[in-house]
Amino acid sequence: MMAVEKKPESGTTGQPGRGRDAAIEEMLRVDHAGEYGAVRIYEGQLAVFRNLPGKHDTAASLARMAKDEEVHLARFNEIVNERRVRPTALNPVWHVAGFALGAATALMGEKAAHACTEAVESVIDEHYAAQVKKLDRMGETELRDTIEQFRLEEVQHRDEAVEKGAKEAPAYPLLSGAIKAACRLAIKLSEKA
């Protein structure tokens, strides 16, 4: 007798015990949390740079990037409501942690603030790119296109931060590595919590 390979049921990701809807809910939960955290990081940075003499250009650049993040967050607010996805219970943590990270890196100087942007956006680029591939396989075209558009905007932020000296920040490898590790941990925590 020949064994028959069991195919995943319709609506699943092919991973045992993990349905398609659950996978999309996790994506949306973490993306919503990430955009919320990004808005708070920029708010923290702007709280510092708006009050420092001679930092008008830096504040204007950060404010422009913050506006993009606010648009992303607004769209994810709509999507989580449309799809009835519970936001992460960790939003109060990201509220404080995002602002603190933004303010702390801004207090370290412009290049450290840019290093923060570069580190965060590098992780988000990887994260969104992986989601785009998964959503392609799932046939979730509209959500895939939204995330790809946001990914490209995040890459622009990252590239601008590099142009403005992110990699020249004091202790750049340490600072960038710590921020990237924190972002990856936040992603993992926000998926489930």
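Before reading on, note that the structure itself is shown above.
About the criteria used
- Residues numbered from 1 in each chain as written.
- Predicted model: local features only at pLDDT ≥ 70, side-chain atom pairs only at ≥ 80, totals over all residues.
- Heavy atoms only, no water.
- Salt bridge = Lys/Arg side-chain N within 4 Å of Asp/Glu carboxyl O.
- Helix = DSSP H or I, 4+ residues; strand = E, 2+ residues; numbered from the N terminus.
- Buried < 20%, exposed > 50% of the residue type's maximum accessible area, 1.4 Å probe, protein only.
- Core = buried A, V, L, I, M, F, W, Y, C linked by side-chain atoms within 4.5 Å.
- Contact = heavy atoms within 4.5 Å.
- Axes fitted to C-alpha atoms, helices over the stretch in contact; angles between N-to-C directions.
- Parallel < 35°, antiparallel > 145°, perpendicular 65-115°, else oblique.
- Left-handed = near helix turned anticlockwise from the far one by under 90°.
- Nonpolar A, V, L, I, M, F, W, Y, C, P; charged D, E, K, R; others polar.
- Lys, Arg positive; Asp, Glu negative; His and termini not counted.

**Observations concerning the pattern of salt bridges**
Thought 1: Scanning the model with the defined rule gives 16 salt bridges in all.
Thought 2: For the salt bridge of Lys111 with Glu168, the shortest nitrogen-to-oxygen distance reads 2.6 Å. In this pair, Lys111 is assigned in helix H4 (residues 110–138) and Glu168 in the loop between helix H5 (141–163) and helix H6 (172–192), connecting sequence segments 57 residues apart.
Thought 3: The class of Lys111 is partly exposed, set by a relative accessible area of 36%.
Thought 4: Here the salt bridges share partners, and the residues they tie into one network are Asp125, Glu148, Arg151, Arg158 and Asp159.

**Comments concerning the nonpolar core**
Looking at soluble globular proteins, one finds that nonpolar side chains tend to be buried together.
Thought 1: Leu28, Phe76, Val120, Leu135, Leu143, Ile147 and Ile179 are the most contacted members of the largest nonpolar core, which totals 32 residues.
Thought 2: For this core, the secondary-structure elements that each account for two or more residues are helix H1 (20–49), helix H2 (56–82), H4, H5 and H6.
Thought 3: The element contributing the most residues to this core is H4, with eleven residues.
Thought 4: Setting aside residues no more than four positions away along its own chain, Ile179 makes contact with Leu101, Thr105, Cys116, Ala119 and Val120.

**Notes on the packing of H2 against H5**
Thought 1: In the contact formed by H2 and H5, the axes pass within 11 Å of each other and the chain directions differ by 165 degrees. Classed by the angle they form, the pair H2 and H5 counts as roughly antiparallel. Of the two elements, H2 crosses H5, and the hand of that crossing is left-handed. Contacts between H2 and H5 involve Ser61, Arg64, Met65, Asp68, Glu69, His72, Arg75, Phe76 and Ile79 from the former and Glu142, Leu143, Thr146, Ile147, Phe150, Glu153, Glu154, His157 and Glu160 from the latter.
Thought 2: Residue composition of the contact of H2 with H5, by class: six nonpolar, four polar and eight charged.

**Things to note about the side chain of Glu154**
Thought 1: Take Glu154: it is sitting in helix H5.
Thought 2: Arg158 provides the closest opposite charge to the buried, salt-bridge-free Glu154, at an N-O distance of 9.9 Å.
Thought 3: Beyond its immediate stretch of four places on either side in the chain, Glu154 contacts Glu35, Glu69, His72, Glu121, Ile124 and Tyr128.

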